[in-house]
Amino acid sequence: LDTSVTIRIELTDVSTLIGNIESEDSTSISFNLLSKTKIKIEKSTILRREIVTSKLQNGEYWIEDPNRTRLFFAPTGRGLRSGKGYFSVYEIFFPMVAFGMFDYITLSGGMSLFPGANNQLIYLAPKVTPFQNEKYAFSVGDFFVKFPSDDNYLNILYGVFTATFDKGALTLGSGFETYDSKPIFLIGGELRISRYAKLITENWFIADSEFNFVSLGFRFLGEHLAADFAFVIPLVDSEDIILLPWIGFAYNF
């Protein structure tokens, strides 16, 4: 038993304890909290426990980003673990649901909810993550959008890689739209700035296209909820800088 390892314990009453295990037997654990308080925990009350030493900053536990499989909208190289999932809403009218299977498959999709519209957008975004650990992750996937017109659709095949560092991450991706095969490039970044917030940038560049943009904003973190607020800047030939607000929410379960 390594008593120097910091452990996060979730109890059946939904409370969370963080500290070090001093000793344990078949029925209970002697536990030292980060506040140096010593308590006894009955094992029958423990829902789950995990090592969180790497998530400590100056002795304070920083919760993990619950929506780490995405930037503002684009995917990262990280995939959902089996049995995990999330419900998200982008720009109010674009909900999405995602589920993880077998630790390397993420299935997600949704439908737009424009009030009064007879037809809606339908979108699917399956992703396969053949490699993933605490520092590096690589995924390949497809993003398909069916527009209300019978034969009008968008389909993007892509690969994306994410490297995670102490307080940040870098995401690089490339793909192409299957209709015209134009190369698409993604550069994204994350920087943790506090226990409950991080900076995110997501930037798209499409070859021989005017549809390029950069973005910068914040993600506010809860145990299961992530809320994004950012500004998107289209890279257009104009003397004025256009700032488009971006709002997104994701609840992970």
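Keep in mind the model is a prediction, meaning the values are calculated, not measured.

Things to note about the overall build of the chain
- Looking only at helices and strands, the chain features zero helices and 20 strands.
- With the C-alpha coordinates aligned to their principal axes, the bounding extent of the chain is approximately 65 × 40 × 35 Å.
- The 253 residues of the chain split such that 43% are buried.
- At a minimum sequence separation of 6, the contacts of the chain that also span at least 24 residues come to 36%.
- Roughly 14200 Å² of accessible area belongs to the chain as shown, and the carbon and sulfur atoms make up 63% of that amount.
- Across the chain, the centroid of the 22 positively charged side chains sits 10 Å from that of the 29 negatively charged ones.

Side note on the pairing of strand β4 (residues 38-42)
- Bridge analysis of strand β3 (residues 28-33) against β4 gives five bridges, and the strand direction is antiparallel. What sits directly across from phenylalanine 31, in β4, is isoleucine 39.

Overview of the packing of aromatic side chains
- Throughout the structure, instances matching the rule amount to 13 aromatic pairs.
- Between the aromatic rings of tyrosine 136 and phenylalanine 161, the centroid separation amounts to 6.1 Å while the plane-to-plane angle is 15 degrees, which identifies the pairing as stacked. Highlighted residues: tyrosine 136 in strand β13 (residues 136-146) and phenylalanine 161 in strand β14 (residues 153-164), separated in sequence by 25 residues.
- Plain terms: the ring middles of phenylalanine 218 and phenylalanine 220 are 6.0 Å apart, the flat faces sit at 20 degrees to each other, and that makes the pair stacked.
- Clustering of aromatic rings is evident, with ring pairs tying together Phe73, Tyr90, Phe143 and Trp246.

Describing the nonpolar core
- Judged by nonpolar contacts, the single largest core of 25 residues is most densely connected at Tyr86, Tyr123, Phe143, Leu186, Trp204 and Trp246.
- Elements supplying a minimum of two residues to this core: β8 (85-90), β9 (94-101), β13, β14, β16 (183-194), β17 (197-206) and β19 (225-234).
- Apart from the residues lying within four places of it in its own chain, the contact partners of tyrosine 86 are Asn67, Thr69, Arg70, Leu80, Met96, Val97, Ala98, Tyr251, Asn252 and Phe253.

As for the layout of surface pockets
- A volume near 1200 Å³ is recorded for the largest pocket.
- Every residue lining the largest pocket is counted, 48 residues in all, and those nearest its centre are Phe73, Phe143, Trp204, Phe211 and Phe213.
- Among the elements that make up the lining of the largest pocket, the one with the highest residue count is β14 (five residues).
- As a volume, the second largest pocket reaches approximately 1000 Å³.

Some points on the pattern of salt bridges
- This model, assessed by the stated rule, comprises 13 salt bridges.
- Arginine 48 is paired through a salt bridge with glutamate 10; the nearest N and O atoms lie 2.9 Å apart. With arginine 48 in strand β5 (residues 46-51) and glutamate 10 in strand β1 (residues 6-11), this residue pair connects regions lying 38 residues apart in the sequence.
- Overall, the relative accessible area of 43% leaves arginine 48 in the partly exposed class.

Section: the pairing of strand β2 (residues 16-24)
- Bridge count for β1 against β2 is five bridges, and the pairing is antiparallel. Paired with threonine 6 across the bridge in β2 is asparagine 20.
- In this antiparallel pair of consecutive strands, β1 and β2, the connection spans four residues, and valine 14 shows a positive phi of 80 degrees.
- Sheet analysis places β2 next to β3, joined by five bridges and oriented antiparallel. Residue pairing for β3: serine 23 is matched across the bridge by serine 30.
- Hairpin connection from β2 to β3: three residues lie between these consecutive antiparallel strands.

Overview of the side chain of aspartate 228
- Within the secondary structure, aspartate 228 sits in strand β19.
- Among the polar contacts listed, one links the side chain of aspartate 228 to the side chain of arginine 219, at a separation of 2.6 Å.
- The contacts of aspartate 228, once residues within four sequence positions are left out, are Leu71, Phe72, Phe218, Arg219, Trp246, Ile247 and Gly248.

Quick notes on the sheet that holds β3
- The strand order across the open sheet formed by five strands is β4-β3-β2-β1-β5, and the pairing between neighbours is antiparallel. Two strands lie at the open edges of the sheet, namely β4 and β5, each paired on one side alone. Neighbouring strand axes in the sheet, compared pairwise and without regard to direction, differ in orientation by 45 degrees on average.

The rules we used
Residues numbered from 1 in each chain as written. Predicted model: local features only at pLDDT ≥ 70, side-chain atom pairs only at ≥ 80, totals over all residues. Heavy atoms only, no water. Helix = DSSP H or I, 4+ residues; strand = E, 2+ residues; numbered from the N terminus. Buried < 20%, exposed > 50% of the residue type's maximum accessible area, 1.4 Å probe, protein only. Contact = heavy atoms within 4.5 Å. Areas by Shrake-Rupley, 256 points an atom, 1.4 Å probe, with all protein chains shown as cover. Lys, Arg positive; Asp, Glu negative; His and termini not counted. Charge placed at Lys NZ, Arg CZ, Asp CG, Glu CD. Pairing = 2+ DSSP bridges. Phe/Tyr/Trp six-rings, centres within 6.5 Å; stacked < 30°, edge-to-face > 60°. Core = buried A, V, L, I, M, F, W, Y, C linked by side-chain atoms within 4.5 Å. 1 Å grid on protein atoms, 1.4 Å probe; cavity = no way out; pocket = protein on both sides within 12 Å on 5 of 7 lines; lining within 4 Å. Points joined across faces, edges and corners; volume = space filled by probe spheres on them. Salt bridge = Lys/Arg side-chain N within 4 Å of Asp/Glu carboxyl O. Polar contact = N/O pair within 3.5 Å; in protein donor to acceptor, adjacent residues only side chain to side chain. Axes fitted to C-alpha atoms, helices over the stretch in contact; angles between N-to-C directions.

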